[in-house]
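Results of the structural survey
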Amino acid sequence: MNKKGFIFDLDGVIVDTAKYHYLAWKNLANNLGFEFTEEQNELFKGVSRIASLKLLLEIGGKTISQEEFDQLLISKNDEYLEYIEQMDESEILPDVPRVLQYLKQQGMPIALGSASKNATPILEKVKLISYFDTIVDGNGVTKAKPDPEVFLLGASQLDMAADQCVVFEDSIAGIQAANKANMISIGIGDPEVLHEADYVFANFTDISIQFLNNIIAG
Ligand code: BG6
Ligand code: MG
């Protein structure tokens, strides 16, 4: 039987949390006295918390002390946690449960591969955690996407060879990480932004059973 390991990013793929990360970074930038646009935010998707703040300070041309840096990280996360506190199943992106259910029925191993340190509570909140055989998140990796570490770890925890794994990602950095890991990369979002992906779909609704079967058989 053909088998593939399926690795899902979390933010912007499974749940609509990318908007909350953006809001929290935008408020932080505004408080520091500069703007932060949605276009600039594309480069923040998939990027770790620390790397994101460094990038934001570069955009604003700000230099701050280590103490202030640590404080800003905490306040950004506090604001983000307030947003996700209100989350429920309604924030699962369209047709994600259909695809998870189908893959599970077919006996495919499934992993989460996310940069977020908030991944487990979010999956619990939206009641999808039971689909995942393993969770690799920001608490378990040292190198941020576009480094392939998070996905390679996912593959090994699923006991699958990297080239037998498939990654769903909404970020440029994540697609690059999947490609470096020699995995099949499937972008969820805008094909212009995610042009490095092997396949791109606007959302999971556009992913047919036929497509999944071809990927599993391929
Ligand atoms: C990624 C998001 O999934 O996780 C990034 O795309 C975020 O925007 C990163 O910075 C880290 O998340 P968290 O929840 O640990 O701050
Ligand atoms: Mg993402």
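Residues numbered from 1 in each chain as written. Chains lettered and ligands numbered in written order. Predicted model: local features only at pLDDT ≥ 70, side-chain atom pairs only at ≥ 80, totals over all residues. Heavy atoms only, no water.

**Observations regarding the overall build of the chain**
Basically, it comes down to this: Helical segments are the DSSP runs of H or I of at least four residues, strand segments are the runs of E of at least two, and each set is numbered from the N terminus. Every radius of gyration here is taken over C-alpha atoms, with the globule rule written as 2.2 Å times N^0.38, N being the number of residues. Relative accessibility decides the category of a residue: with a 1.4 Å probe and only protein chains considered, values under 20% of the type maximum give buried, values over 50% give exposed, and everything between is partly exposed. Note on contacts: a residue pair is in contact if any heavy atoms of the two residues lie within 4.5 Å. Note on areas: Shrake-Rupley with a 1.4 Å probe; residue coverage comes only from the protein chains shown. His is not counted, nor are the chain ends; Lys and Arg add positive charge and Asp and Glu add negative charge. The location of each charge is read from NZ of Lys, CZ of Arg, CG of Asp or CD of Glu.
Looking only at helices and strands, the chain has 9 helices and 6 strands in total. Against the compact-globule benchmark of 17 Å for 218 residues, the chain has a radius of gyration of 17 Å, which places it among compact chains. Viewed in the frame of its principal axes, the chain has a C-alpha envelope of about 55 × 35 × 30 Å. Counting over 218 residues, the chain shows a buried share of 48%. Once local pairs closer than 6 in sequence are excluded, the contacts in the chain between residues at least 24 apart make up 63%. Working note: accessible area of the chain is about 10,200 Å², and carbon and sulfur atoms make up 49% of it. Counting 17 positive and 33 negative side-chain charges, the chain places the centres of these two groups 3 Å from one another.

**Observations concerning the site of ligand 1**
Inclusion rule: Think of it this way: one heavy atom of a residue within 4 Å of a molecule or strand is enough to make that residue near it. In protein, a polar contact means a hydrogen-donor-capable atom and an acceptor-capable atom, both N or O and within 3.5 Å, with residues adjacent in sequence counting only if both atoms are side-chain atoms; elsewhere, any N or O pair within 3.5 Å suffices. For this classification, Asp, Glu, Lys and Arg are treated as charged, while Ala, Val, Leu, Ile, Met, Phe, Trp, Tyr, Cys and Pro are nonpolar and the rest, including Gly, are polar.
Close to ligand 1 lie 14 residues; Asp11, Gly46, Ser116, Lys117 and Asn118 are nearest. In the environment of ligand 1, an oxygen atom lies 2.7 Å from a nitrogen or oxygen atom belonging to the side chain of aspartate 11. Within the backbone of glycine 46, one N or O atom sits 2.8 Å away from an oxygen atom of ligand 1. Here ligand 1 has 390 Å² of accessible area as a free molecule, and 96% of this is covered by the chains. Along the lines of polarity and charge, the residues of the shell around ligand 1 split into 4 nonpolar, 6 polar and 4 charged.

**Let's talk about the coordination of the magnesium ion (ligand 2)**
Put simply, the rule reads: Shown as donors are all N, O and S atoms within 2.8 Å of a metal ion, widened to 3.2 Å for Na, K and Ca; because water is not in the atom set, sites may appear incomplete.
Within the protein, the atoms that donate to the magnesium ion (ligand 2) are Asp9 (OD), Asp11 (O) and Asp170 (OD), at distances of 2.0 to 2.1 Å. Taken in chain order, the donor set of the magnesium ion (ligand 2) reads D-x1-D-x158-D. On the criterion of sequence distance, the pair formed by aspartate 9 in the loop between strand S1 (5-8) and helix H1 (18-32) and aspartate 170 in the loop between strand S4 (165-169) and helix H8 (172-180) is long-range, its members being 161 residues apart. With respect to class, aspartate 9 is no different from aspartate 170; both count as buried.

**So, the pairing of strand S5 (residues 184-188)**
Applied cut-off: The criterion for strand pairing is that DSSP finds at least two bridges linking the strands in question. The definition of a right-handed crossover adopted here requires that, viewed with the strands pointing away, the path from the first strand over the helix to the second runs clockwise.
Burial within S5 is extensive, with 4 of its 5 residues counted as buried. Alignment of S4 against S5, held across 4 bridges, turns out to be parallel. In the sheet register, valine 166 faces S5, and the bridge partner there is isoleucine 184. As for the winding sense of the linkage, the β-α-β connection from S4 through H8 to S5 is right-handed.

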